[in-house]
Amino acid sequence: MLVATMFIAATTLLAKALGTDTLGPGLPPFMVTFGRFAFAWATIVTIVAVARPRLTRPAVGLHIGRTACGFAGVTLMFAAAALIPLTDATAIVFLNPIFGMILAIPLLGERVGPWRWLAAIIALAGAAVLIRPGGSAVEAGALLALGAALALGMELIFIKRLSGREAPLQVLLVNNSLGLCLATAFAVVFWQTPTGPQWAAMAALGVLMACAQFCFVNAMARADASYVTPFSYLTLVFAGLYDGVIFGVVPDVVGLTGACLILTGAALLAWREGRRAKVPQSPVPSGPAPRPTPR
C-alpha cells in the first residue's frame, strides 16, 4: 500500500505537469485522462497475456456504471490538480469514502450510525475550509476536486456490488477497456497533439496507475482493510513532497487545517469500519469500506 500511494501521488503530479505549461502547452483534462487509460490498458493487457488468468462473464452493467463514475472522477481530479496545490486536491478527493457512505443509504438501503455521521461531518468541514470561498481560481479548483470525490464515491457503490463476483485482474481489464473507449471518444473531440515530453508523461502516468492498482489489490488481498487503509492516506504526504520539490508549492495553514480535518474524518470512518468488521454482525448490509480507490 505504501508503494501504491507513492505511485498514485506521482500520477497526480504528472497530471498537473500535463495540465499546465510545464511540458508544453497545457493539455485539456480529457486528453490527460485518455493518456491515463490508454497506457494503463496496454500495461494490463500485457500482464493478462502473460498470466493468462481464467476469465468469466462480466457483469457489464455494473462495469459500465463503475467506469463512467471513475472516468468522471479522474477527469475532474486532473482538472483540479492543474489549478490548486496537489495537497489540497488530494485531500478533497479523500472525501470519496464519505460520499460513498452517504450514497449507500438511498442506493443500498444501508443504515449509518452516529460514529460514521461524526466522521462525515468532520471531513466535510475540512472540505469547506479547503474550498476557500472568495478566490475564484482556487475555489473553482476545489469545487472540481469536490466533484471528483463525489464521482469516486459513487464508484464505490458499484465496486461494492462487484466485489466477490469477478477476479481482481478481470475487473481491472474490463474497467480499463471500457475506460479507454470512453476516453477516446472525448479525446477525439478535444484533441490537442501532445509534445514528445507530454507523450512520455502520459505513458508514465498510465503505467504508474496500472502498477498502483496492482499494488492496491495485492495489499487488500494480504491483510485486513482496517489495517492497510490508513496507509493509503500517505498519498497526501507524497503529493505534498512532490508539489514542493517540483513546483515549489508549500502548503499554507488553511490548506493544512482542511487536509487534517478530512484525514481525521476518513481515519475515524476507517477505524469504525474496522471495529464493525471484528464484531459479529446480524445480516444487515455493511457500508462501503473507506478505501480510496486508485484511479
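The structure we're discussing is the one just above.
Since the structure is predicted, the reported quantities are computational estimates derived from the model, not experimental observations. (Residues numbered from 1 in each chain as written. Predicted model: local features only at pLDDT ≥ 70, side-chain atom pairs only at ≥ 80, totals over all residues. Heavy atoms only, no water.)

**What about the overall build of the protein?**
Looking only at helices and strands, one finds twelve helices and zero strands in the protein. In the protein, the succession of helices and strands from N to C terminus is α-α-α-α-α-α-α-α-α-α-α-α. In summary, the protein has a C-alpha radius of gyration of 18 Å against a globular reference of 19 Å for 295 residues, a match within 12%. Principal-axis analysis of the C-alpha atoms gives the protein an extent of 55 × 50 × 30 Å. The contacts in the protein between residues at least 6 apart in sequence include a share of 89% that link residues at least 24 apart. Roughly 12800 Å² of accessible area belongs to the protein as shown, and the carbon and sulfur atoms make up 71% of that amount. Counting 19 positive and 10 negative side-chain charges, the protein places the centres of these two groups 14 Å from one another. (Helix = DSSP H or I, 4+ residues; strand = E, 2+ residues; numbered from the N terminus. Rg over C-alpha atoms; globule rule 2.2 N^0.38 Å. Contact = heavy atoms within 4.5 Å. Areas by Shrake-Rupley, 256 points an atom, 1.4 Å probe, with all protein chains shown as cover. Lys, Arg positive; Asp, Glu negative; His and termini not counted. Charge placed at Lys NZ, Arg CZ, Asp CG, Glu CD.)

**Here we look at the pattern of salt bridges**
Going through the model one piece at a time under the given rule, you end up with two salt bridges. Notably, a salt bridge pairs Glu155 with Arg66, separated by 3.0 Å at the nearest N-O pair. Taken together, the residues Glu155 in helix H7 (residues 136-162) and Arg66 in helix H3 (residues 60-81) connect sequence positions 89 residues apart. Classification of Arg66 by relative accessible area gives buried; the value is 6%. (Salt bridge = Lys/Arg side-chain N within 4 Å of Asp/Glu carboxyl O. Buried < 20%, exposed > 50% of the residue type's maximum accessible area, 1.4 Å probe, protein only.)

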